[in-house]
Amino acid sequence: MGAPHVQEVPAVTTTPQAVRRASPRTRRAVTPPDPARALLPSLEPVRMIDEQGNRLPERSDYPEPSADALRELYRRMVIGRRFDLQATTLTKQGRLAVYPSSRGQEACQVGAMLAVRPTDWVFPTYRESMALVSRDIDPVEVLTLLRGDWHCGYDPAARRTAPQCTPLATQTVHAAGVAYGEAYQGHDTVALAFIGDGATSEGDFHEGVNFAAVFKAPVVFFVQNNRYAISVPLSRQTAAPSLAYKGVGYGVPSEQVDGNDPVAVLAVLNRAVAHARAGNGPFLVEAHTYRMEPHTNADDASRYRDGAEVDAWRDRDPIARLAAYLRHLGVLDDGAEAGIAAEAEAYAADLRARMNVQPTVDPLSLFDHVFAEPTPQLVEQREQVRAELAADAEQAADERDAHERGAR
């Protein structure tokens with residue numbers, strides 16, 4: 001007599017309920033799916049081209065973006081880096097109060113903007129200036145906040161872009177709430193929240209991701225892991241294999257990607273955005289990248305990382321990597337590359353000229369928008385400043401008159 005036959009059960013019946021209903025003989029043959037396994041990221045970051053721009057073996061789960069999309073990605077990355085360099089120079093010249101550079105993270109900054117629509121919402125951190133200009137927001141408006149103004153420079157509602165957020169991780173809660181509200185109203189909207197590696201240790205990150213998971217809000221949480229939260233290395237932030245694994249605990253599918261591989265970044269984010277837009281809830285993406293410059297112009301990065309580490313990452317330059325691949329595809333040559341570089345220089349020159357115009361500032365605006373109704377103390381302080389300004393103006397006028405009389 002042969003071994004007893006065990007009936008195969010179709011995959012569609014392998015739910016926990018089906019397993020409980022099965023007979024003892026059948027139950028031994030049924031392996032219920034592990035829902036956690038579907039949430040796990042790839043064991044290694046997704047890569048599609050190597051550091052020399054050579055195509056790696058294709059992955060069917062991540063279709064490659066079109067050649068036109070990749071050429072536009074390259075163009076915007078070149079302009080974005082030139083903008084970043086110009087903003088850094090403006091800071092050294094005193095035109096900006098502070099500037100957090102994102103040089104080295106161009107694939108993440110620009111790729112994220114090409115993955116979403118103008119009607120989608122974006123929630124940036126203080127480091128996303130390059131992403132915002134890639135979203136076609138006026139660069140002078142983007143730098144207004146970093147210039148020291150009281151507002152962000154652009155209209156958040158019109159641009160569907162929240163103000164750049166300095167407190168760590170608070171934008172994740174905002175993104176989850178807006179995404180849920182948009183879905184509740186039946187709008188075809190995805191929210192994309194930028195997050196730094198250090199921000200994943202904050203309570204707001206937990207609240208935002210957990211809320212989005214429970215209410216299936218269409219959010220993509222995009223973690224740019226650039227290795228340091230100011231001076232705190234990643235090893236002091238988490239003991240997880242990667243930050244992408246943080247999604248599993250919330251029931252959120254996650255993926256990790258080589259953040260210096262522009263092709264892979266755009267492919268992974270395209271899939272994440274499509275997942276959220278289809279009504280499947282949030283998606284978490286971790287990009288492994290590197291911040292080439294200090295945290296801000298006020299930081300001395302040499303105190304916590306050495307030059308050899310920076311040099312190693314310089315060899316993984318995302319722009320050079322994509323340029324080499326586009327040349328392999330035959331959609332970029334010397335002439336096209338020179339044309340894009342010239343466009344980037346013109347962009348920087350225009351920004352430089354406009355930022356070198358001294359803004360007209362009303363000192364009394366300091367008291368605007370402090371309270372809905374000014375308090376008596378605020379009114380008194382405003383009048384005191386007004387009187388001091390009037391006295392200064394009168395003194396300056398007297399000095400000019402005296403100078404003119406002496407000249408005659």
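Small disclaimer: the values here were computed from a predicted structure and weren't measured.

Visitor: Lay out the overall build of the protein chain with the relevant residues and their values.
Guide: Summing up its helical and strand segments, the protein chain has 14 helices and seven strands in all. Taking the principal axes of the C-alpha coordinates as reference, the protein chain spans close to 125 × 60 × 40 Å. Burial statistics for the protein chain: of 408 residues in total, 44% are counted as buried. Taking the intrachain contacts of the protein chain between residues at least 6 apart in sequence as the baseline, contacts between residues at least 24 apart amount to 74%. Of the roughly 20,700 Å² of accessible surface on the protein chain, 54% is carried by carbon and sulfur atoms.

Visitor: How would you explain the packing of helix H8 (residues 170-184) against helix H9 (residues 203-214) if you had to name every residue and give the values?
Guide: Viewed as axis vectors pointing N to C, H8 and H9 meet at an angle of 20°, and their least axial separation amounts to 7 Å. In terms of their interaxial angle, H8 and H9 are classed as roughly parallel. Considering how the two elements wind past one another, H8 and H9 form a crossing that is left-handed. Mapping the contact onto sequence places Thr170, Thr172, Val173, Ala176 and Tyr180 in H8 and Asp204, Phe205, Glu207, Gly208, Phe211 and Ala212 in H9.

Visitor: Before we move on, could you go through a negative patch on the surface and cite the residues and values that matter?
Guide: Together, Glu394, Asp398, Glu399, Asp401 and Glu404 make up a region of like negative charge exposed at the surface. Topologically, glutamate 399 is positioned in helix H14 (residues 376-407). Residue glutamate 399 is classed as partly exposed on the basis of its relative accessible area of 48%.

Visitor: So what about the sheet that holds strand E6 (residues 254-258)? Which residues, and what values?
Guide: Spatial ordering of the open sheet is given by E1-E2-E3-E7-E6, a layout of five strands whose pairing is parallel. Of all strands in the sheet, those bounded by a partner on one side alone are strand E1 (121-123) and E6. Put simply, the sheet's adjacent strands are angled 20° from each other on average, direction ignored. Where E6 meets strand E7 (residues 283-288), five bridges bridge the pair, whose relative direction is parallel. Each bridged residue has a counterpart across the sheet, and for aspartate 258 the counterpart in E7 is histidine 288.

Visitor: Go over the nonpolar core with me, naming the residues and quoting the values.
Guide: One finds Tyr74, Phe194, Phe222, Val257, Leu269 and Val285 to be the most contacted residues of the largest nonpolar core, which totals 48 residues. Among the elements that make up this core, the one with the highest residue count is helix H10 (residues 262-277) (10 residues). If sequence neighbours within four positions are ignored, phenylalanine 222 has contacts with Cys108, Ala112, Leu192, Ala193, Phe194, Ile195, Val265, Leu269, Val285 and Ala287. In terms of nonpolar packing, the next biggest core, distinct from the first, is built from 22 residues, Phe123, Ile195, Phe205 and Val252 among them.

Visitor: Got a sec to walk through the pairing of E6? Specific residues and values, please.
Guide: Among the five residues that make up E6, five are buried, leaving the element largely enclosed by the rest of the structure. Taking every second residue as pointing to the same face, both faces of E6 are buried, with Ser254, Gln256 and Asp258 on one and Glu255 and Val257 on the other. Running through H10, the crossover from E6 to the neighbouring parallel element E7 is right-handed.

Visitor: Please set out the confidence of the model for the protein chain residue by residue, giving values where relevant.
Guide: The pLDDT averaged across the protein chain works out to 91; a share of 92% of its residues lies at or above 70. Considering only residues more than four positions removed or in separate chains, one finds that residues 1-27, a stretch of pLDDT under 50, has 18 contacts.

Visitor: Which residues make up the packing of aromatic side chains, and what values go with them?
Guide: Applying the stated criterion across every chain, the model contains nine aromatic pairs. Pairing tyrosine 180 with tyrosine 184 gives two aromatic rings, centres 6.1 Å apart and planes at 35°, and the pair type is tilted. On the criterion of helical spacing, the pair formed by tyrosine 180 and tyrosine 184 is a turn pair, its members being four residues apart in helix H8. We classify tyrosine 184 as exposed; its relative accessible area is 67%. Following the ring pairs from residue to residue traces out a cluster consisting of Tyr180, Tyr184, Phe211 and Phe215.

Parameters and conventions
- Residues numbered from 1 in each chain as written.
- Predicted model: local features only at pLDDT ≥ 70, side-chain atom pairs only at ≥ 80, totals over all residues.
- Heavy atoms only, no water.
- Helix = DSSP H or I, 4+ residues; strand = E, 2+ residues; numbered from the N terminus.
- Buried < 20%, exposed > 50% of the residue type's maximum accessible area, 1.4 Å probe, protein only.
- Contact = heavy atoms within 4.5 Å.
- Areas by Shrake-Rupley, 256 points an atom, 1.4 Å probe, with all protein chains shown as cover.
- Axes fitted to C-alpha atoms, helices over the stretch in contact; angles between N-to-C directions.
- Parallel < 35°, antiparallel > 145°, perpendicular 65-115°, else oblique.
- Left-handed = near helix turned anticlockwise from the far one by under 90°.
- Patch = residues over 30% accessible without salt bridge, like charges linked within 9 Å, V, L, I, M, F, W, Y side chains within 5 Å.
- Salt bridge = Lys/Arg side-chain N within 4 Å of Asp/Glu carboxyl O.
- Lys, Arg positive; Asp, Glu negative; His and termini not counted.
- Charge placed at Lys NZ, Arg CZ, Asp CG, Glu CD.
- Pairing = 2+ DSSP bridges.
- Core = buried A, V, L, I, M, F, W, Y, C linked by side-chain atoms within 4.5 Å.
- Right-handed = clockwise from strand over helix to strand, strands pointing away.
- pLDDT = per-residue confidence, 0-100.
- Phe/Tyr/Trp six-rings, centres within 6.5 Å; stacked < 30°, edge-to-face > 60°.

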